[in-house]
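Structural overview
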Amino acid sequence: MENGPLQVLTFPTAPYPDQRPGTSGLRKKVYVFQSKRNYLHNFIQSIFSSIDLPDRQGATLVVGGDGRFFNRPAIGVIVQMAAANGIGRLIIGRHGMMSTPAVSCVIRKYKAIGGIILTASHNPGGPNGDFGIKFNTASGGPAKEEVTSKIYQLSRTIEEFAICPGLHLDLKTLGKQAFDLENKFKPFTVEIVDPVESYANLLRNIFDFAALKELLSGKNHIRIRLDAMHGVLGPYVKRILCEELGCPANSAINCVPLEDFGGQPPDPNLMYATDLVDSMRDGQYDFGAAFDGDGDRNMILGKHGFFVTPSDSVAVVADNIFCIPYFQHTGVRGFARSMPTSTALDRVAKATKIELHETPTGWRFFGNLMDAGMLSLCGEESFGTGGDHIREKDGLWAVLAWLSIIATRRQSVEDILREHWLKYGRNYFTRYDYENVDIDAACDMMEDLEILISDKSFVKQRFAVEDKIYQVEKADNFEYTDPVDSTITRNQGLRIIFSDGSRIIYRLGGTGAEGATVRIYIDSHERKLIFEETQVMLAPLATIALKISQLHHRMGRNGPSLIT
């Protein structure tokens, strides 16, 4: 307890027009938070003001971040403002770090009012990188649109913020710290917790750790390689996979969290997870995985770097779901995927007679279904997979799900995938990202494209490339009616669906801190030609996608920034 009660002060401020949170919170360049007066304070005050005073009075809030640059100064401000705004108790990960899945877990465990997560996910870190703030609600999941809209509206009219500037916190020492505040009957308390323990306990109750330990360190153990990409998950990988499940310490690489993630975006894909990809090539490891900055995304590789698309990953987990003890106990209530994700999961759902939901991009849509007891497993093509144990995608959970399947089937990653394709056919899938394009040009292109595909004459149109002919069966701008609360979400992506089930999807947006990103998704199912090269198989559809949109011409590009 500090000497004497601490002052709670109110300072005038002026609003900013650009604090609209996206599906992943508010993301900007670090310099925006550092250089714009009260930019951080305004947004944090808007979060607190969005919660009714009786609800936040004395309530518990969880705070954690991915360790990127500006994480600690931001937590200092959040703590001072939480105290001034009536929050009774904060739970914060040691050193201010906690993975996004762990924050969701801790919110649910302690019945907190919500959580503030400081992350820009897979975006670059460091002083010249990105910073982000995301608010999760009491379910443990990302705030719904009605909440983020309220935060945004408050940020546009804010006139003052409350803060307790004399409150200083020790983030290094585990345990409780209490602070007396002026005109407050109860002290404000902060609990610094081990960021791994609650989450590790949750995983122990989901998976068969004895079987996993045998797989990873028993007589006929497999060799694995895990790349934390200098994000928050390093300590989780070390503690759970190495110390508890017996993997050799050198199985885990890039496990020291760094403020700039070692100079690379912490993005678990074939372009950026190069340390993992290079180490998998020679065949000495049977299984590989990489994680993003805040630990919610994952990439799965087999021997010799055999790549598992995220769309295939969730389909394989669905088809082998009872290899995970948790689902043996709970049963399976439903599957779901985001609209741009390939339809591989649909085929498993149909075969197993389990309901499938197709949602807009954004984990909050899955969370709504989970809260209603309608969903057990879901995934997105953007390297996100998860279950209903929390309300966020979960990179480490996905890896343990895959290892549980391997432990049960005693097959390699590649053999599991090949058998899956033989059983269901193969969905060839790719995504073209055009990053930092001119936002006005991108909006004009999307508007013209929507006019084109909405014309009645577009349906039944045929496109020929080499010996392939594709006929349009359906074209629309995807909208979603939530089966739980009947809310309608519109303008979620332009879809062209062909008579053979192939799809071309265009979306504008992304989760970057500057510029616009145009994404083209291409998905095509093959029953016979299942062992071919993805880009070769999808080349005709890619040609059609670029021809219809005139994207290269209109954006002044020769090709995509990234192909996944």
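Before reading on, note that the structure itself is shown above.
Below, the structure is looked at part by part. Bear in mind the structure is a predicted one, so any value in this text is a computation, not a measurement.

Each value, and the rule that gives it
Along each chain, the written sequence defines residue order, and numbers are assigned to residues from 1. For a predicted model such as this one, the threshold for reporting local features is a pLDDT of at least 70, and the threshold for listing and counting side-chain atom pairs is 80 or more; totals across whole chains, interfaces and linings nevertheless cover every residue. By convention in this description, side-chain values take in all heavy atoms of the structure and omit both hydrogens and water. Think of it this way: any DSSP run of H or I at least four residues long counts as a helix, any run of E at least two long counts as a strand, and we number them from the N terminus. Burial classes follow relative accessibility: with a 1.4 Å probe on protein chains only, a residue under 20% of its type's maximum area counts as buried, one over 50% as exposed, and anything between as partly exposed. Definition of a polar contact: a pair of N or O atoms within 3.5 Å, with one able to donate and the other able to accept a hydrogen when the atoms are protein atoms, and with sequence-neighbouring residues admitted only if both atoms are side-chain atoms. Residue contacts follow a heavy-atom distance rule, with two residues in contact if any of their heavy atoms lie within 4.5 Å. The criterion for strand pairing is that DSSP finds at least two bridges linking the strands in question. Where helices are involved, their axes are fitted lines through C-alpha atoms of the stretch in contact, as for all axes, and angles between N-to-C directions lie from 0 to 180°.

Description of the side chain of Arg391
By the secondary structure assignment, Arg391 is in the loop between strand S18 (384-387) and helix H15 (395-409). Residue classification places Arg391 among the buried residues on the basis of a relative accessible area of 5%. Engagement of the side chain of Arg391 in a polar contact is seen with the side chain of Asp371, the distance being 2.7 Å. Among residues more than four places away in sequence, those in contact with Arg391 are Ser104, Arg108, Ser139, Gly140, Gly141, Pro142, Trp363, Gly367, Met370 and Asp371.

Focus: the pairing of strand S13 (residues 298-302)
With 5 of 5 residues buried, S13 is to be regarded as a mostly interior element. Neither face of S13 is open: one carries Asn298, Ile300 and Gly302, the other Met299 and Leu301, and all of them are buried. If you look at the hairpin formed by strand S12 (residues 287-291) and S13, you'll find 6 residues sitting between the two strands, and Gly295 has a positive phi there, around 85°. Where S13 and strand S14 (residues 307-308) come together, 2 bridges link them in antiparallel fashion. Counted as the bridge partner of Ile300 is Val308 from S14. Here S13 folds back onto S14, and the loop between the two strands holds 4 residues, one of which, His304, carries a positive phi near 60°.

Quick notes on the sheet that holds strand S4 (residues 89-97)
Reading across the sheet, the 7 strands line up as S2-S6-S5-S3-S4-S9-S8 and stay open at both edges, with mixed pairing between neighbours. Each end of this open sheet is capped by a strand with a single partner; those strands are strand S2 (26-29) and strand S8 (175-179). Pairwise comparison of adjacent strand axes, ignoring direction, gives a mean angle of 20° for this sheet. Pairing analysis gives 4 bridges linking S2 to strand S6 (residues 130-137), with the strands arranged antiparallel. Within the sheet, the bridge partner assigned to Leu26 lies in S6 and is Ile133. Packed on one face of the sheet, helix H2 (residues 39-49) meets S2, strand S3 (60-65), strand S5 (114-118) and S6 and runs near 10° to S6. Sheet contacts for helix H4 (residues 71-84): S3, S4, S5, S6 and strand S9 (188-193); angle to S4, the most-contacted strand, approximately 170°.

Concerning the environment of Gly86
In this fold, Gly86 is placed in the loop between H4 and S4. Since its relative accessible area comes to 8%, Gly86 is described here as buried. Sequence separation of Gly86 and Val437 is 351 residues, and the distance between their C-alpha atoms is 43 Å. Contact partners of Gly86, with chain neighbours within four places excluded, come to Arg56, Gln57, Gly58, Ala59 and Lys184.

Details of the environment of Tyr434
For Tyr434, the location among the structural elements is in strand S19 (residues 426-437). A C-alpha to C-alpha distance of 8.3 Å links Tyr434 and Ala516, two positions 82 residues apart in sequence. The contact partners of Tyr434, leaving out residues within four places of it in the chain, are Ala516, Thr517, Val518, Ile520, Leu546, Leu551, His552, Arg557, Gly559, Pro560 and Ser561. At a separation of 2.7 Å, a polar atom in the side chain of Tyr434 contacts the side chain of His552.

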